[in-house]
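# Results of the structural survey
For reference, the chains in residue letters:
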Amino acid sequence: MVCVLIATVLVLSVVVFQFSKNIRNALQLETVETLKNVAEQNAYTIEREIEAMQDLLIGTSLELGEYLLEDKQKGIEVLTPLVEVHQFKRMAVADASGAVYSTDYEQMNLASHDNFRRSMAGEVVVTSAITDVVDHDDMINVISVPIYEESSDVVQGVLFSVYSTEYVQDIFDSDLFDGRGYSALINSNGEYIVNAKQSPGYGKKNVLTALSQASENNADAVKQMRTNMRFGLSGSIYVDYAGARYIYYTPVTLRNNIESWYVITVVPEVVLASRLDSVMYQADMLALMLLLVTVIAGSLYIIVYRNSKKQLKRLAYVDPLTESDNVEAFKVKMLRLREYPGYVVYMDIKDFKIVNNTCGVEKGDQVICEVAKKIAQLLRDKELVARVSGDDFVVFLRETNDASLLLRVEDIENCMKEISEELSIPRIAAYFGIYPTTHQESVEEAIGHAKRANQFAKQRSDQLYRFYNAKDYEDLQKNKQIEDAFEPGIQNHEFEIWYQPKYGANAQSMDGAEALVRWRKKDGTVVSPGDFIPLFEKNGMISILDEYVFEEVCKQQKRWQDEGMRIVPVSVNISRASLYYLDIVERYMNILNKYQLDIQYIQLEITESAMEDNDQMKALIQCFRVAGFKLLLDDFGNGYSSLATLNMAQFDELKLDKGLIDHIGDDRGEKLLYFIIALARSLGLYITAEGVETKEQFRFLQKMKCNTIQGYYFSKPLPKQNYGSLLAG
């Protein structure tokens, strides 16, 4: 019996030990995951904050660079409000010699400083924490950008913004593990950029050196961390550093920053130990009771096991902030609702960062809790809500059609308004991605589809919701492939220039042409202009394509002229995006001069929509006229037409859109064309009709004294070789 009792005690002791070990492992994994989340959130916050500062400086340098160098007093007056608004310590400007003037009127010379020399070489530089040369008791970080000479790559000086290192330290301030955890910012060599004041390494220069010096046992962990950071990888280590500690490190990705930065988040092992105290106490009591009576010990073991299992289940399925389901619980419960069709709705709060920035993180957490509470109150039987992360939620609503679902979404939107009023915060709203599920797909796939729809909803200006559409995702992938192929396509001259001739309405002889672009890849596949033109207009790449087409046409016109051919003017389209570049007139004139082509042989077509309510663009178009370009108002009648545009006296030629021409044969359409042509002629405009395809259309336009005809009636767009033959013939 004694042997049985001893054996039982030993077996139960092993079970208790294994149980305690499982708890420790689970809490250890949770600790590392929490460190990871904090580090990644801090890295994201730093990326956004510093990139915003970089963008501000770059924009200021481009707009005011030479002005800041020419008039110091005025420069200080311009920069001072920026210092106050963006909480900089100061801003400063240095000329090429390194002489500096700043918003706090300090004078110095930075010619020997590394960040000055690098920015003079064209870099955007963000420094580590350095001692302020003005206020020696303060640590600062400096962002510097080059100031270029207008319309050239020559650097004339450097623009600086200086902010206190405490500004970045504030980002790391948190109650992580009841204030016993902390974060810091280092570079890939381990040197501190910003260190938390509660860190045992505060005041030291290098965390890797500090870890190595703290204990020989840290050698392997330091080596692993150093190797991972060399390759831009995240990771976690366990070290002896003023006591046993867990460290998680993750990279910070900054535009224009050559140096690699890392956020590290640290927590002492005692945090894990303190979490284990209550559980371990019960385990110790169980072991003691085992010595007294096996039955009581077994009973206590069962109780502790069940309580601990419940605690682990809570960690796995309960969101710690809202005390409601997390996304893992949502997935499990969704599997039990497979017989109920409905909608998975993925939502996040629009511009939630504004709430955190203006009202504080604590108020932001309160908002998230209220959102979870309000949505839960709206749910019906067999419906779910869970917090995914941050301000993201996923909801399952049992509705049978889109209309009823949108009414439920509207109820959630009304809750957002109530929360704004009840908590006295800026007005909040949410983006909704909606996926109708029949449970044929996995829960993860349904959530993923709803999340993708949510991302597309953020691109809309008219609605805050978007239903999932597989074609949206396919189009996104297709557009990404087109964007990736654009630069190689330009370099490899895959974009071909085609020409559509224009014929005089009376003489019926070719007196001009319009340049059109076609994309034929190296493998022979052709990308439709309807696929790439709207995409490039949206992402700004169209300006590169505009200039490419302009140069190719100039080059070819000059080549035909040198071969003795009779060339006619060719018009080239210029998009709205291209008109945003203030130096575009100079760039186009440089191309003309490069090929020594007379300006009469190249014309510019501009759509009316590019000028709508934009005085700056109208002034830029006038600059084209002053330079000698003949300007054509393209697509007149294509939805944006305004008679006021005809009165601007900036265009030489009016091109009537095919949409107007197609109405020839209709009494109302013909009357409209009659009055437009009559008005344009009275204003001295040359008139071209686009899209003319039939003899009846041609005869009507000829009768209306339209000057030029363009369309399939005379000729389709022709490749360069065929058009060249037409010129030669």
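Preceding this section is the structure that the text describes.
Summary of the structure given here.

The rules behind these values
Every chain's residues receive numbers from 1 upward, in the order its sequence appears when written. Only residues with pLDDT of at least 70 are given local features in this predicted model, and only at 80 or more are side-chain atom pairs given and counted; all residues enter the totals for whole chains, interfaces and linings. The side-chain figures draw on all heavy atoms in the structure; neither hydrogens nor water molecules are used. For helices the rule is a DSSP run of H or I covering at least 4 residues; for strands it is a run of E covering at least 2, with both sets numbered from the N terminus onward. Classification of residues uses two cut-offs on accessible area relative to the type maximum, computed with a 1.4 Å probe and protein chains only: under 20% is buried, over 50% is exposed, and between them is partly exposed. Areas reported here follow the Shrake-Rupley algorithm with a probe of radius 1.4 Å; residue values treat only the protein chains shown as occluding. Each pair of strands is called paired provided DSSP finds at least two bridges between the two strands. Every axis in this analysis is a line fitted to C-alpha atoms, fitted for helices over the stretch in contact. Angles between the N-to-C directions lie between 0 and 180 degrees. Only heavy atoms matter for contacts: two residues are in contact if any of them lie within 4.5 Å across the pair. Counted as salt bridges are all cases of a side-chain nitrogen of Lys or Arg within 4 Å of a carboxyl oxygen of Asp or Glu. Aromatic pairing here means that ring centres of Phe, Tyr or Trp (its six-membered ring) are within 6.5 Å. Orientation follows from the plane angle: under 30 degrees is stacked, over 60 is edge-to-face, and everything else is tilted. Look at NZ for Lys and CZ for Arg. If either is within 6 Å of the ring centre and within 35 degrees of the ring normal, a charge sits over the ring. For this analysis, a polar contact is any N or O atom pair within 3.5 Å, provided that within protein one partner can donate a hydrogen and the other can accept it, and provided that sequence-adjacent residues contribute only side-chain to side-chain pairs. To sort the angles, those under 35 degrees are grouped as roughly parallel, those over 145 as roughly antiparallel, those from 65 to 115 as roughly perpendicular, and the leftovers as oblique. Two helices crossing with the near one rotated counterclockwise from the far one by less than a right angle form a left-handed crossing, whereas a clockwise rotation gives a right-handed crossing. Classification used: nonpolar for Ala, Val, Leu, Ile, Met, Phe, Trp, Tyr, Cys and Pro, charged for Asp, Glu, Lys and Arg, polar for all others including Gly. Along the arc lie the directions from the helix axis toward the C-beta atoms. Note on definitions: the grid is 1 Å and covers protein atoms alone; a cavity is a set of points where a 1.4 Å probe fits but cannot get out; a pocket is an open set with protein on both sides within 12 Å along at least five of seven lines; lining residues have an atom within 4 Å of a point. Grid points are joined across faces, edges and corners, and a volume is the space filled by probe spheres set on the points.

### Here we look at the overall build of the protein
Of regular secondary structure, the protein possesses 23 helices and 27 strands. Counting the 729 residues in the protein, one finds 45% classified as buried. In the structure as shown, the protein presents an accessible area of about 36,600 Å², 51% of it carried by carbon and sulfur atoms.

### Observations concerning the pairing of strand β2 (residues 99-102)
Regular strands place their side chains on alternate faces of the sheet. Of the strand pairs in this sheet, strand β1 (residues 90-95) and β2 are connected by three bridges, and their pairing is antiparallel. From the neighbouring strand, Val93 faces β2, where its bridge partner is Tyr101. Hairpin connection of β1 to β2: three residues between the antiparallel strands, including Gly98 at a positive phi of 95°. Taking the residues between adjacent antiparallel strands as the criterion, β2 and strand β3 (residues 107-109) are bridged by four residues, where Tyr105 takes a positive phi near 60°.

### Description of the sheet that holds strand β8 (residues 182-187)
Read from one edge to the other, the open sheet built from five strands follows the order β9-β8-β12-β11-β10, with strand pairing classed as antiparallel. The sheet is open, and its two borders are formed by β9 (192-194) and β10 (235-240), each paired with just one other strand. Neighbouring strand axes in the sheet, compared pairwise and without regard to direction, differ in orientation by 35° on average. Relative to β9, β8 runs antiparallel, the two being bridged by two bridges. Paired with Leu185 across the two strands is Val194, which belongs to β9. Its contacts with the sheet place helix α5 (residues 207-214) against β8, β9, β10, β11 (244-252) and β12 (261-268), and it is angled at close to 40° to β10.

### Quick notes on the side chain of Glu47
Inspection of the secondary structure puts Glu47 in helix α1 (residues 2-70). With a relative accessible area of 12%, Glu47 lands in the buried category. Excluding its chain neighbours within four sequence positions, the residues that come into contact with Glu47 are Pro251, Val252, Thr253 and Leu254.

### As for the environment of Ile661
Residue placement: Ile661 occurs in helix α20 (residues 658-661). On the accessibility criterion, Ile661 (0% relative accessible area) is buried. Here the alpha-carbon distance between Ile661 and Glu693, two residues 32 residues apart in the chain, equals 9.1 Å. The contact partners of Ile661, leaving out residues within four places of it in the chain, are Leu656, Ala689, Glu690, Gly691, Val692, Gln697 and Leu701.

### Observations regarding the sheet that holds strand β13 (residues 342-349)
Spatially, β14-β15-β13-β16-β17 is the arrangement adopted by the five strands of the open sheet, whose pairing is mixed. Taken across any chain shown, the strands that pair with only one partner, and hence form the sheet edges, are β14 (384-389) and β17 (465-467). Each strand of the sheet is rotated relative to its neighbour by a mean of 20°, with strand direction disregarded. Of the pairings in the sheet, the one linking β13 to strand β15 (residues 392-397) comprises six bridges and is antiparallel in character. In the sheet register, Tyr343 faces β15, and the bridge partner there is Leu397.

### Examining unusual backbone geometry
The backbone of Asp351 shows a phi angle near 50°, a positive value even though the residue is not glycine. As for its position among the elements, Asp351 is in the loop between β13 and α10 (352-359). Even without glycine at this site, His493 takes up a positive phi of about 55°. Mapped onto the elements of the fold, His493 is located in the loop between α14 (470-491) and β18 (495-504).

### Quick notes on the pattern of salt bridges
Within this structure, the stated rule accounts for 34 salt bridges. One salt bridge in this structure joins Glu514 and Lys655, with 3.0 Å as the shortest N-O distance. In this pair, Glu514 is assigned in strand β19 (residues 510-520) and Lys655 in strand β24 (residues 653-656), connecting sequence segments 141 residues apart. In terms of burial, Glu514 and Lys655 fall into one category: buried. Among the ionic pairs, Lys558 bridges to Asp562, the shortest N-O distance being 3.6 Å. Pair noted here: Lys558 and Asp562 are both in helix α16 (residues 542-562), with a separation of four residues, about one helical turn. With a relative accessible area of 18%, Lys558 lands in the buried category. Here the salt bridges share partners, and the residues they tie into one network are Lys89, Arg90, Asp104 and Asp132.

### Focus on the packing of aromatic side chains
Counted by the stated rule, this structure contains 25 aromatic pairs. Between the aromatic rings of Tyr588 and Phe624, the centroid separation amounts to 6.2 Å while the plane-to-plane angle is 65°, which identifies the pairing as edge-to-face. Of the two residues, Tyr588 is situated in helix α17 (residues 584-595) and Phe624 in helix α18 (residues 615-627); the sequence distance between them amounts to 36 residues. Comparing Tyr588 with Phe624 shows no difference in burial state: the two are buried. One aromatic cluster is present, built from ring pairs that chain together Phe486, Phe495, Trp519, Phe532, Phe536 and Tyr548. If you follow Lys521 out to its NZ or CZ, it ends over the ring of Trp519, 5.6 Å from the centre. Here the basic side chain of Lys630 rests over the ring of Tyr686, its NZ or CZ set 5.1 Å away from the ring centre.

### Topic: the side chain of Ser119
Counting through the fold element by element, Ser119 comes out in helix α3 (residues 114-120). Taking relative accessible area as the criterion, Ser119 reaches 0% and is therefore assigned buried. At a separation of 2.7 Å, a polar atom in the side chain of Ser119 contacts the side chain of Ser144.

### Some words on the packing of helix α11 (residues 361-378) against helix α12 (residues 402-423)
Packed helix pairs are specified by the crossing angle of their axes together with the interaxial distance, meaning the distance between the axes. Here α11 crosses α12 at 140°, and the two axes come no closer than 10 Å. Of the possible angle classes, the one that applies to α11 and α12 is oblique. Crossing of α11 against α12: the hand is right-handed. Residues Lys363, Gln366, Val367, Glu370, Val371, Lys374, Ile375 and Leu378 of α11 form the contact with α12, whose participating residues are Arg408, Asp411, Ile412, Cys415, Met416, Glu418, Ile419, Glu422 and Leu423. Classifying every residue of the contact of α11 with α12 by side-chain character gives nine nonpolar, one polar and seven charged.

### Some details on helix α15 (residues 529-539)
Listed as buried for α15 are Phe532, Leu535 and Phe536. Within α15, the buried residues cover an arc of 95° as seen down the axis, which keeps them to one side. Residues of α15 that are exposed and angled more than 90 degrees away from the buried face: Gly530 and Lys538. The N-cap residue of α15 is Ser528: its side-chain oxygen and the backbone nitrogen of Gly530 are 3.1 Å apart.

### Topic: the layout of surface pockets
Size it by volume and the second largest pocket reaches roughly 1,000 Å³. Residue lining of the second largest pocket: 36 residues in total, with Glu514, Leu516, Asn573, Asp634 and Asp635 positioned closest to the centre. At the level of elements, β19, α15, α16, β22 (602-607), β23 (630-636) and α20 are the ones that each hand at least two residues to the lining of the second largest pocket. Classifying every residue of the lining of the second largest pocket gives 13 nonpolar, 11 polar and 12 charged.

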